[in-house]
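For reference, the chains in residue letters:
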Amino acid sequence: MSYLNDRGLRAGIVFLAWFAAAPVSLLPISLLAAAPLQAQSPQSLDVVTIGPRFSPNPLEVKGSAGGNTLAKDLVGRAKTPTGECVGYASAKPNSTIELTEFFDSLSLVVQSADDTALAIQGPGGLWCNDDFQGKNPGVSGQWLPGTYKIWVSSYAPNRAPAYVLRITEKRQ
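Treat the numbers as computed from the prediction; the structure is a model and nothing was measured.

A. Layout of the overall build of the chain. The helix and strand tally for the chain stands at three helices and 13 strands. By residue count, 34% of the 172 residues in the chain fall in the buried class. Once local pairs closer than 6 in sequence are excluded, the contacts in the chain between residues at least 24 apart make up 74%. Split by element, the accessible area of the chain, about 10,500 Å² in all, is 56% carbon and sulfur.

Have a look at this one:
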């Protein structure tokens, strides 16, 4: 505050008073055109960090599936113990999940009106799936702590169907 003297402070007050009373036509165009800032909810984040007993349970992450690269090419494998790596996805994962601790029972299930598939790459390996619950892909089981990359693919290239990824912890 040593930089501002009484004049600077008064000038600031005068400017604020003018700004508050100024007609809309005198406001700078950049202020009128700026989009309002909105708080991000966990549903829109690219990186989700969770630990045991997270809330809400299930946690829902919304996104758009698809891309123009075959999922098997992205993950370097056509099949895993949980299913085939199918569909088209973006080179960038749709989401990244950081697990702070070991999970004894965690499931990730994609819900979409379109037929989608799922690929997950993390500390314990690689899992792909299609049709875990009806046409919705998912993976369930024990999960090591660490970073997991999640790709949600569609069956047609450059298609972007909306989806919700439901992350659920089964609690004893």
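We are not done yet, so read on.
B. Spatial organisation of the pairing of strand β8 (residues 103-111). Among the nine residues that make up β8, seven are buried, leaving the element largely enclosed by the rest of the structure. Looking at chain direction, β8 and strand β11 (residues 138-143) are connected through five bridges and run antiparallel. Its bridge partner lying in β11, V109 is registered against G138. As paired strands, β8 and strand β13 (residues 162-169) are joined by six bridges and run antiparallel to one another. Across the sheet, L106 pairs through a bridge with E169, a residue of β13.

C. Spotlight on the sheet that holds β11. Across the sheet, four strands lie side by side as β2-β13-β8-β11; this open sheet has antiparallel pairing. For this open sheet the edge positions go to β2 (59-64) and β11, each flanked by a neighbour on one side alone. Neighbour to neighbour, the strand axes of the sheet diverge by 20° on average, direction disregarded. Relative to β13, β2 runs antiparallel, the two being bridged by six bridges. For E60, the partnering residue across the bridge sits in β13 and is R166.

D. Molecular detail of the side chain of T80. Note that T80 resides in strand β4 (residues 79-80). In terms of polar contacts, T80 uses its side chain to reach the backbone amide nitrogen of C128, at 2.9 Å. Once residues lying within four places of it in the same chain are set aside, the contact partners of T80 are C85, L126, W127 and C128.

E. Representation of the environment of K79. Checked against the element boundaries, K79 lands in strand β4. Under the relative-accessibility criterion, K79 is labelled exposed at 56%. It is 8.8 Å that separates the C-alpha atoms of K79 and N129, two residues lying 50 residues apart in sequence.

Reading the values: the criteria
Residues numbered from 1 in each chain as written. Predicted model: local features only at pLDDT ≥ 70, side-chain atom pairs only at ≥ 80, totals over all residues. Heavy atoms only, no water. Helix = DSSP H or I, 4+ residues; strand = E, 2+ residues; numbered from the N terminus. Buried < 20%, exposed > 50% of the residue type's maximum accessible area, 1.4 Å probe, protein only. Contact = heavy atoms within 4.5 Å. Areas by Shrake-Rupley, 256 points an atom, 1.4 Å probe, with all protein chains shown as cover. Pairing = 2+ DSSP bridges. Axes fitted to C-alpha atoms, helices over the stretch in contact; angles between N-to-C directions. Polar contact = N/O pair within 3.5 Å; in protein donor to acceptor, adjacent residues only side chain to side chain.

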